[in-house]
Amino acid sequence: MAIVKEEPVEVPRLPSSSLSLPPILIDLCSSDSDSDGSDDEEARAYLKQVIRQEEEKERARRIRVSSDGAEEAEAKRRRVEADGVGGSVGVGFLAPLPLPSTPARAPGLAVESREDASVSGSGNSVLTTISGGCKQFWKAGDYEGAPGGGDWNTTSSVGMDHVRVHPKFLHSNATSHKWVLGAFAELLDNALDEVCNGATYVNIDTIPNKKDGSQMLLVEDNGGGMDPDKMRQCMSLGYSAKSKIANTIGQYGNGFKTSTMRLGADVIVFSRCRGKDGKRPTQSIGLLSYTFLTMTGKEDIVVPMLDYERGMGDWRKLMRSTKSDWDRNVETIVHWSPFSTEEDLLRQFNLMTDHGTRVIIYNLWEDDQGQLELDFEADKHDIQIRGVNRDEKNIQMATQYPNSRHFLTYRHSLRSYASILYLKLPAGFRIILRGKDVEHHNIINDMIHPEEVTYRPQPSADGVPRDSNMCAVVTIGFVKDAVYHIDVQGFNVYHKNRLIKPFWRLWNACGSDGRGVIGLLEANFVEPAHDKQGFERTTVLSRLENRLVHMQKQYWSNNCQLIGYAQRRGKKLLQSEEGDFHLRKSSQQKARGTSYGVPSSGRRPDKLEGSPRTLNRKYVNGHVFNGGVSSKMNNGTTPPSKNGMESLSTMPCSSSSDDTDATNIRPNGSSQKPESAYSTHFTNESCTIDQLNEENRLLLERLQEPKDKIISELQKELESEREKNRSLQAQIDEVEEKIEAMNKEQESLIDIFSEERERRDAEEERLRKQLEEASNLVLELNEKMARLVRK
């Protein structure tokens, strides 16, 4: 049996934080050490009953005292007027003073009286008042709570000290979402996680508030729903069971609270759950209302809830406490929600199937101009953001350049952002926005000249797991509208199928460099931040950033000429390429037993520092292979080596040896070498000494391999090159035949035109003679006619 401390007469004056909380209300400040035993429940129920009786006695005493005081004051006034003094001081001078709106009581009782007054008032007037009249999100956190700051010595746990969660924490916690559409993404994540429980859709729409006519947000799905325990876990701060479940996005247990409080001041949740493991079906209602907490001066976050259980064909109340506590929860939810009666609340379940969740967010936040942050009028099938995120110029460009539409509109359009939010959608799952399905989009479909680069983070002590299968396939290419030279670029970085960084711009080059290059990758080896709109700053992320910048620079320098820019080939790189062979030859002759082209000291000749790309070539029988592209050397010779041939490492170079991660480039999404056999790619970054030493080691290992194996590999490569040459020669012969046939056809056409011209000239000469003869005949006839007239 738990020991309950007996209180003296001061018991009724305990703060309301411990007096007014019925057991069925969730007090989010409760510690995990609260006892759930029957003895503790009986003790708490007995204590609450005593406190309730003392409160009723206190109210009756105050009413009696106030009435007695009024009668005494009235009698005194009559005596004074009878003595003739009333005329000099004025009528009503000694009338009893009006009672203050908030009686001077202990802080806890003052809060309780404010709550009672607010519950008894009109619902419409209260719903329009948020935190002292402020309806802007970034100003709604100016809430200090009840006068006096509350009694922080009070504990709701039985003899246990614990920290308390102030309602202002709801607002400060929601400020993690600096972008409103990020809050929508959290709600979509919760619905997508319900696919494993049978969810086939999530619907986002707007519905009217029947109490004040305002707009409300509706987010519903047909997932497994939540039983009473899961509903309380959902309303609690920091609790998440999804972090232990595979293929789910949620992990921090905070997304629902931050997202709903970022969109509006209040949210009410309806959830219906099918019976599992022998349990009966249940349906629950929970209210998380910032308006309720601030207007009643709460010092703790209180969440009223109602639970129902399906019995013999109908739903019955599932009470966790007394009938009076249940009625008080109903009264609180009805007063502070958009619904007028308990029947209206239960009617929401008729709009659902036998399982699912229905979230209604109301009292939506406004901007500085007094308009809603969310724009429901610009597009009847979309939800957009007002303000700086909305750029009219980008909207006009989106209609002109449809392949860049998502880059130009995702910042203000929920439909555009939701279409790229997930790398893949489960089969049969639909995202419905205001009555119209959101079409899933992959930005790879917007690319031209795509390439795939496999990035493998190096295992280290920085948190990267030592998993050989851990890698990220980066697809990089030009957006199809890049030929118009619009400033579109960035990488869409996903984490576990969820978009974290949309169009992440890493290379801010002067001028037009990098313009039009977009990419996509799924990086599961970096951890997302709290709001899932960025990544935690770690060494692993820094390496990934450097590698993505390197990829973009290399891709741009190799392919920018394909979209109308000048080819990036500097004079120093060309000179370095020409002198590279001679430097390697002299180095091989002087430093016997060392890597080809690299001195034994491990230092690279100065001439090589300007052209790191020259290390990424393979020499085979007079051909220079550069990343899979070959070109015949000018002198037609093969660089010397120990075995008469050489194959150099194709490991890319970066600015630091610690940041060297393996990459494997596959143009056009395949492992084949590009067919352009006469282009050489360059890069502007230099290799470090450590990388050169690593290349030396790899070359030595390669040279120590059996000669026959090397020769066979080189012969295969040579044969493949010959096949390519034969195919190209066949194409050239075919083109020459076509040209010859076209020349013959052209000559025949010329002959035909010549004949036609001669025929036309002869006909013209004949007609000219006939015209001349006719003219002479007319003159003769005129002369004869004149002679006849004279006669």
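In this text, all values refer to a predicted model and were calculated from it rather than measured experimentally. (Residues numbered from 1 in each chain as written. Predicted model: local features only at pLDDT ≥ 70, side-chain atom pairs only at ≥ 80, totals over all residues. Heavy atoms only, no water.)

1. Considering the nonpolar core
Ranked by size, the top nonpolar core spans 122 residues in total, and within it Phe184 and Ile268 carry the most contacts. It is helix 7 (residues 180-192) that provides the largest number of residues to this core, a total of nine residues. When residues are assigned to domains, this core turns out to be shared by domain 1 (167-365) and domain 2 (442-458 + 469-564), each giving three or more. (Core = buried A, V, L, I, M, F, W, Y, C linked by side-chain atoms within 4.5 Å. Buried < 20%, exposed > 50% of the residue type's maximum accessible area, 1.4 Å probe, protein only. Helix = DSSP H or I, 4+ residues; strand = E, 2+ residues; numbered from the N terminus. Domains from an automatic or database assignment.)

2. A closer look at the confidence of the model for the protein chain
Residue-level pLDDT values for the protein chain average 74, and 63% of them are 70 or greater. Between residues 84-132, whose pLDDT stays under 50, and residues either more than four places distant or in other chains, the model counts 77 contacts. Throughout residues 146-159 the model reports pLDDT below 50, and contacts reaching past four residues in sequence, or to other chains, amount to 26 contacts. (pLDDT = per-residue confidence, 0-100. Contact = heavy atoms within 4.5 Å.)

3. Considering the environment of Gly564
Here Gly564 lies in the loop between helix 16 (539-559) and helix 17 (571-590). Distance from Gly564 to Val483, taken between C-alpha atoms, is 6.6 Å for residues 81 residues apart in sequence.

4. Quick notes on helix 19 (residues 689-703)
Compared with an ideal rise of 1.5 Å per residue, which puts 15 residues at 21 Å, helix 19 spans 21 Å between its outermost C-alpha atoms and is within 8% of the ideal. Those residues of helix 19 that fall on the buried side of the exposure criterion are Gln691, Leu692, Glu695, Asn696 and Leu699. The arc enclosing the buried residues of helix 19, seen along the axis, measures out at 145°, which places them on a common side. (Expected span 1.5 Å × (residues − 1). Arc of directions from axis to C-beta.)

5. Structural notes on the pairing of strand 16 (residues 490-495)
Of all six residues that make up strand 16, six are buried, and the element is covered over most of its length. Across five bridges, the pairing between strand 16 and strand 18 (residues 517-522) is parallel. When the bridges of strand 18 are listed, Val493 appears paired with Leu521. Inspection of the sheet shows strand 16 paired to strand 17 (residues 498-504) by four bridges, in the antiparallel sense. Bridging from a neighbouring strand, Phe491 pairs with Trp504 of strand 17. Counting the residues that bridge the hairpin from strand 16 to strand 17 gives two residues, and of these Lys496 lies at a positive phi of roughly 50°. (Pairing = 2+ DSSP bridges.)

6. Quick notes on the sheet that holds strand 13 (residues 436-437)
Pairing is mixed in the open sheet, where nine strands are placed in the order 8-7-5-4-9-3-2-12-13. If you trace the sheet from one side to the other, it starts and ends with strand 8 (315-317) and strand 13, each paired once. Relative to strand 9 (residues 356-364), strand 3 (residues 215-221) runs antiparallel, the two being bridged by five bridges. Looking at strand 9, one finds that Glu220 is bridged to Arg358. Strands in contact with helix 8 (residues 228-235) are strand 4 (264-273), strand 5 (282-289) and strand 7 (305-310); relative to strand 5, the strand with the most contacts, it is inclined by about 20°. Against the sheet, helix 9 (residues 255-263) makes contact with strand 3, strand 4, strand 5 and strand 9, and its axis sits at roughly 130° relative to strand 4, the strand it touches most. (Axes fitted to C-alpha atoms, helices over the stretch in contact; angles between N-to-C directions.)

7. A word on a nonpolar patch on the surface
On the surface, a cluster of nonpolar side chains totalling about 280 Å² of accessible area is made up of Leu749, Ile752 and Phe753. Within the secondary structure, Phe753 is located in helix 20 (residues 707-790). A residue is classified by how much of its surface remains accessible, and Phe753, at 51% relative accessible area, is exposed. (Patch = residues over 30% accessible without salt bridge, like charges linked within 9 Å, V, L, I, M, F, W, Y side chains within 5 Å. Areas by Shrake-Rupley, 256 points an atom, 1.4 Å probe, with all protein chains shown as cover. Salt bridge = Lys/Arg side-chain N within 4 Å of Asp/Glu carboxyl O.)

8. Section: the packing of aromatic side chains
This model, assessed by the stated rule, comprises 14 aromatic pairs. Between the aromatic rings of Phe478 and Trp556, the centroid separation amounts to 6.2 Å while the plane-to-plane angle is 65°, which identifies the pairing as edge-to-face. With Phe478 in strand 15 (residues 472-479) and Trp556 in helix 16, this pair connects stretches of sequence that are 78 residues apart. For the pair shown, Phe478 and Trp556 are each scored as buried. Here the aromatic residues Trp179, Phe407, Tyr410, Tyr417 and Phe503 are joined through ring pairs into a cluster of three or more. The ring of Phe407 carries the charged tip of Arg411 above its face, separated from the ring centre by 5.5 Å. (Phe/Tyr/Trp six-rings, centres within 6.5 Å; stacked < 30°, edge-to-face > 60°. Lys NZ or Arg CZ within 6 Å of the ring centre and 35° of its normal.)

9. Digging into helix 9
Most of helix 9 is tucked away: nine of the nine residues are buried. Within the sequence span of helix 9, burial applies to Gly255, Phe256, Lys257, Thr258, Ser259, Thr260, Met261, Arg262 and Leu263.

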